[in-house]
Amino acid sequence: MTGLSQNVEDMLKRLETSSKSELNLIRALAEAIRQVDDQTLRELRHLSLHHELRRETIVGELQVLAQRLCHLPVRGPSHVKAASAKTALDRPSFAKTDAVTDIADEITEALNGSANGSANGTSNGKGADWRQAARNIQDDLDAAFGADVPRH
């Protein structure tokens, strides 16, 4: 029986040695996983920082573009604005005075004037000549966008 107790003691020592080596392996594996987690976290933070920097750069470029678009050349005073200012004085106080209404009134006056005009298309001072209007539109476009810009 002494042989049996000796075998049990040997088995316990081998089991203890095996469990210690397995515990060391588990600790080494846990440390390796922790290091990989830390590295992944650092890389993620680095990537997030670069993303934020790119995003800020893009937002800055978009803001510069928006500022450039807002600085497009503005048309100077035209005959339409002058005419709308004149007709706004003739309108009753309860009437709308926005720019669309002013332009619509001017167009209506021009159409009524040409309908009342003589056979050659000119009116007795009230209507507008469509050729002159086309030249005025072209002049306004040239003033706003430059005469050397090709148009369709």
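Residues numbered from 1 in each chain as written. Predicted model: local features only at pLDDT ≥ 70, side-chain atom pairs only at ≥ 80, totals over all residues. Heavy atoms only, no water.

Undergrad: Tell me what's going on with the overall build of the protein chain, and back it up with residues and numbers.
TA: Helices and strands together make up the secondary structure of the protein chain, namely 4 helices and 0 strands. Listing every helix and strand of the protein chain by position from the N terminus yields α-α-α-α. For the protein chain, with 152 residues in total, the buried portion stands at 7%. (Helix = DSSP H or I, 4+ residues; strand = E, 2+ residues; numbered from the N terminus. Buried < 20%, exposed > 50% of the residue type's maximum accessible area, 1.4 Å probe, protein only.)

Undergrad: Which residues make up the pattern of salt bridges, and what are the values?
TA: Across all of its chains, the model carries 4 salt bridges by this definition. For the salt bridge of glutamate 16 with lysine 20, the shortest nitrogen-to-oxygen distance reads 3.4 Å. A residue pair is termed a helical-turn pair when its members lie 3 or 4 positions apart in one helix, as glutamate 16 and lysine 20 do in helix α1 (residues 2–70) at 4 residues. Residue classification places glutamate 16 among the partly exposed positions, given a relative accessible area of 43%. (Salt bridge = Lys/Arg side-chain N within 4 Å of Asp/Glu carboxyl O.)

Undergrad: Break down a nonpolar patch on the surface for me, with residues and values.
TA: On the surface, Leu4, Val8, Leu12 and Leu15 cluster together to form a nonpolar patch covering roughly 410 Å² of accessible area. Examined against the element boundaries, leucine 12 turns out to sit in helix α1. (Patch = residues over 30% accessible without salt bridge, like charges linked within 9 Å, V, L, I, M, F, W, Y side chains within 5 Å. Areas by Shrake-Rupley, 256 points an atom, 1.4 Å probe, with all protein chains shown as cover.)

Undergrad: Run through helix α4 (residues 130–145), naming residues and quoting values.
TA: Over its 16 residues, α4 runs 22 Å from end to end, which matches the ideal 22 Å to within 8%, given 1.5 Å per residue. Burial in α4 covers these residues: Asn136, Asp140 and Ala144. With its buried residues spanning 65° around the axis, α4 presents them on a single face. Remark: glycine 146 follows α4 within two positions and exhibits a positive phi of approximately 90°. (Expected span 1.5 Å × (residues − 1). Arc of directions from axis to C-beta.)

Undergrad: Can you lay out the confidence of the model for the protein chain for me, pointing to particular residues and giving the numbers?
TA: In the predicted model, the protein chain carries a mean pLDDT of 75, and 58% of its residues have values of at least 70. Here helix α2 (residues 79–90) stands out as the element of the protein chain with the lowest mean pLDDT, 50, in contrast to α1, whose mean of 93 is the highest. Here residues 117–124 scores under 50 on pLDDT; set against residues more than four positions off or in separate chains, the count is 4 contacts. (pLDDT = per-residue confidence, 0-100. Contact = heavy atoms within 4.5 Å.)

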